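Here's the letter readout for the chains.
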Amino acid sequence: MDRLFIFDTTLRDGEQVPGCQLNTIEKIQVAKALEQLGVDVIEAGFPISSPGDFNSVIEISKAVTWPTICALTRAVEKDIDCAAEALQYAKHKRIHTGIGTSESHIRYKFNSTPDEIIERAVRAVKYAKKYVEDVEFYAEDAGRTDNEYLARVIDAVTKAGATVCNIPDTTGFRVPNEYQEKIAYLYEHVDAFAAGKSILSTHCHNDLGMATANTVAGVLGGARQVEVTINGIGERAGNTSLEEIAMIFKTHPDLGIETNINTTRIFPTSRMVSGLMNMPVQPNKAIVGRNAFAHSSGIHQDGVLKNASTYEIMDPKEVGIDDNAIVLTARSGRAALKHRLHINGVDIEGDKLDALYQDFLKLADKKKEVTDDDILILAGADRASAGSVKLDFLRVSSGTGDVSSIAAIGLDIAGQKFEAGSTGNGPVDAAINALKQIIRKEMIIKEFTIQAISKGSNDMAKVHMSVDYDGRVYYGFAANTDIVQASVEAYIDAINKFK
């Protein structure tokens, strides 16, 4: 079996999704979960991009023990200096530097020439080698780069000391056979790979829905590192899903590839990342979606009951799904709540558990059954309560025909109480108009979506909202069994992020 190294970029590429930014404490929580999952490399951030990213790389380096901590840079000396400083506490450190290599990048992005790009790439790798032994080079937009020229670039950087060469399909353009041919061409034409002095890495995007297929093709072509994210999150249509790659090679041992992933940690890690980043996992998502092991067809149900292997190629327990789940109701105790939280990747003790349990009881009184999504939302609610603007009360009455809806609202702003009322075209509009009577800022709602967590009239509604203020877009999230209250709380969540 050949060893495939798992490079997780959830905290860098994955976190570039609008509205999914994490604070340092949350990033450390994710990094520790990735360590338990068994990933080999954690790309902790892009240190030069912001003080927050710089600090997160430092703190993750301190918190994580055995995985390699990687920091991204451009092929710029000050970027590399900054990355090296951020990695000072990492037990195993890697600098990930690179430059665009496609014709469009060379001509339009850099206004340069192919030879100058090779010189800049080599110079960056050599400069990074002054700080760390482990240097990864990325050829941005390699997917659309001519293979012969790409081989020249990669040959030059491996001779300069690059230990890993990342071949990104940055735009998600290639189809599997093309990507496999590209990786195989590089393996055959760059001596460092056959000699074991460097390894090839995949980094595939999902713009055409082929990220996972391209990644597998790349591995079959000779790549021995894959760059992935939890739940496939990432810019635009996302990245290759870690869970899909791990389970593809686990269920196909005939391919001769093994990873270090503890697959029983996949589901709890997925749920934790989903909760922290406010990114719901689509129900039909492979491996971790709530329907991934669900069977509604009578024929399928009959077959599964007779023998699960008739319609399931994986045991749910292999990915950490407890198919004997404890159902939570108003009669459930703290132990049951703590158990379900643990299964979903959240460990809470002491006073925090007591406070969460009280919130759980209030919700359980409103619902017949509390779902995993419900308790994850409750577990993340303390982040919203830390803002300076809080909702004191909300009263609404809906109108019919020509009668407008009416809302009265009370806010606590840094300890001061404010009240206002207004009308609107429906209860949500009336409530937000009342809020604007107190928060007198030029705010425009750009996006407003309501998602039912499961189903039923007493279900939790999760509201996602983007608000334009002073030329910037801020994202708000909230959940409640009352859709109007959830909408107002999402608006307040966005307001609390204004700078």
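In this report, we go over the structure that sits alongside the text. (Residues numbered from 1 in each chain as written. Predicted model: local features only at pLDDT ≥ 70, side-chain atom pairs only at ≥ 80, totals over all residues. Heavy atoms only, no water.)

A closer look at the overall build of the chain
So the rule is basically this: Only DSSP runs of H or I reaching four residues or more are called helices, and only runs of E reaching two or more are called strands; each is numbered from the N terminus. Between the two quantities, the radius of gyration covers C-alpha atoms and the globule rule is 2.2 Å times the number of residues to the power 0.38. Each residue is placed in one exposure class: buried if its accessible area under a 1.4 Å probe, protein chains only, is under 20% of its type's maximum, exposed if it is over 50%, and partly exposed if it falls in between. Whether two residues are in contact is decided by their heavy atoms: any pair within 4.5 Å suffices. To measure how exposed things are, a 1.4 Å probe is used in the Shrake-Rupley method; for residues, cover is taken only from the protein chains shown.
For the chain, the count of helices and strands is 17 helices and 16 strands. For 499 residues, the compact-globule formula gives about 23 Å, and the C-alpha radius of gyration of the chain, at 25 Å, lands near that figure. Each principal axis of the C-alpha distribution contributes one length, and for the chain these read about 75 × 60 × 45 Å. Here the chain, with 499 residues, has 53% of them falling under the buried criterion. Look at the contacts in the chain between residues 6 or more apart in sequence, and 65% of them connect residues 24 or more apart. Here the chain displays about 22500 Å² of accessible surface, and carbon together with sulfur accounts for 50% of that area.

Quick look at unusual backbone geometry
Phi at D141 takes a positive value of approximately 60°, unusual for a residue other than glycine. Within the secondary structure, D141 is located in the loop between β6 (135-140) and α6 (147-160). Of note, the phi angle at N278 is positive, near 55°, even though the residue is not glycine. Among the secondary structure elements, N278 is positioned in the loop between α11 (266-277) and α12 (298-306). Accessibility expressed as a relative area gives 15% for N278, which makes it buried.

Re α6
What counts is decided by this rule: Multiply 1.5 Å by the residue count of a helix minus one, and that product is the helix's expected span. Side-chain atoms alone can form a polar contact between residues adjacent in sequence; in general such a contact is a pair of N or O atoms within 3.5 Å, and within protein one must be able to donate a hydrogen while the other accepts it.
Compared with the 20 Å implied by 1.5 Å per residue over 14 residues, the 20 Å span of α6 between its first and last C-alpha is a close match. By the criterion of burial, α6 is predominantly enclosed, with 10 of the 14 residues buried. All of the buried residues along α6 are Y149, L150, A151, V153, I154, D155, A156, V157, T158 and A160. On the buried face of α6, the contacting elements are α4 (103-109), α5 (114-129), β6, β7 (164-169), α7 (176-189) and α8 (191-194). The distance from a side-chain oxygen at the start of α6 to the backbone nitrogen of E148 is 3.2 Å, and the residue carrying that oxygen is D146. Immediately downstream of α6, the backbone of G161 shows phi near 120°, a positive value.

Topic: the packing of helix α3 (residues 77-86) against α5
As a reminder of what qualifies: For helices, the fitted axis covers only the stretch in contact; all axes are lines through C-alpha atoms, and the angles between them, taken along N-to-C directions, range from 0 to 180 degrees. Put simply, angles under 35 degrees are roughly parallel, angles over 145 are roughly antiparallel, angles from 65 to 115 are roughly perpendicular, and the rest are oblique. Should the near helix be turned anticlockwise from the far one by less than a right angle, the crossing is termed left-handed; should it be turned clockwise, right-handed. Charged means Asp, Glu, Lys or Arg here, nonpolar means Ala, Val, Leu, Ile, Met, Phe, Trp, Tyr, Cys or Pro, and polar covers whatever is left, Gly included.
Between α3 and α5, whose axes approach to 10 Å, the crossing angle comes to 25°. Here α3 is positioned roughly parallel relative to α5, judged by the angle of their axes. In this structure, α3 crosses over α5, and the sense of that crossing is right-handed. Mapping the contact onto sequence places E77, I80 and D81 in α3 and A124, Y127 and A128 in α5. Of the residues belonging to the contact of α3 with α5, the class tally is 4 nonpolar, no polar and 2 charged.

Some remarks on the environment of K441
Considering the arrangement of structural elements, one finds K441 in the loop between α16 (427-438) and β14 (443-452). Given a relative accessible area of 39%, K441 falls into the partly exposed group.

Considerations on the pattern of salt bridges
The criterion, for reference: In what follows, salt bridge is the name for a side-chain nitrogen of Lys or Arg lying within 4 Å of a carboxyl oxygen of Asp or Glu.
Taken as a whole and judged by the stated rule, the model has 25 salt bridges. Between D392 and K417 there is a salt bridge; the shortest N-O distance is 3.0 Å. Of this pair, D392 sits in strand β11 (residues 389-397) while K417 sits in strand β13 (residues 416-424); the two residues are 25 residues apart in sequence, bridging distant segments of the chain. Taking relative accessible area as the criterion, D392 reaches 39% and is therefore assigned partly exposed.

Remarks on the sheet that holds β11
Test applied: Note on pairing: DSSP must find at least two bridges between two strands before they are called paired.
A sheet is described by the order of its strands in space; here 3 strands give the open sequence β11-β12-β13, paired in antiparallel fashion. Strands with a single pairing partner mark the edges of an open sheet, and in this sheet they are β11 and β13. With strand direction ignored, the average angle separating the axes of adjacent strands in the sheet is 15°. Judged from the 8 bridges that link them, β11 and strand β12 (residues 405-413) form a sheet pairing that is antiparallel. Looking across to β12, one finds that R395 is bridged to A408. Contacts between α16 and the sheet are confined to β11, β12 and β13, with β13 contributing the most and set at about 140° to the helix. Each of β11 and β12 touches helix α17 (residues 483-495); the most contacted strand, β11, lies at about 150° to it.

Treat this as a map of the structure, not an account of what it does.
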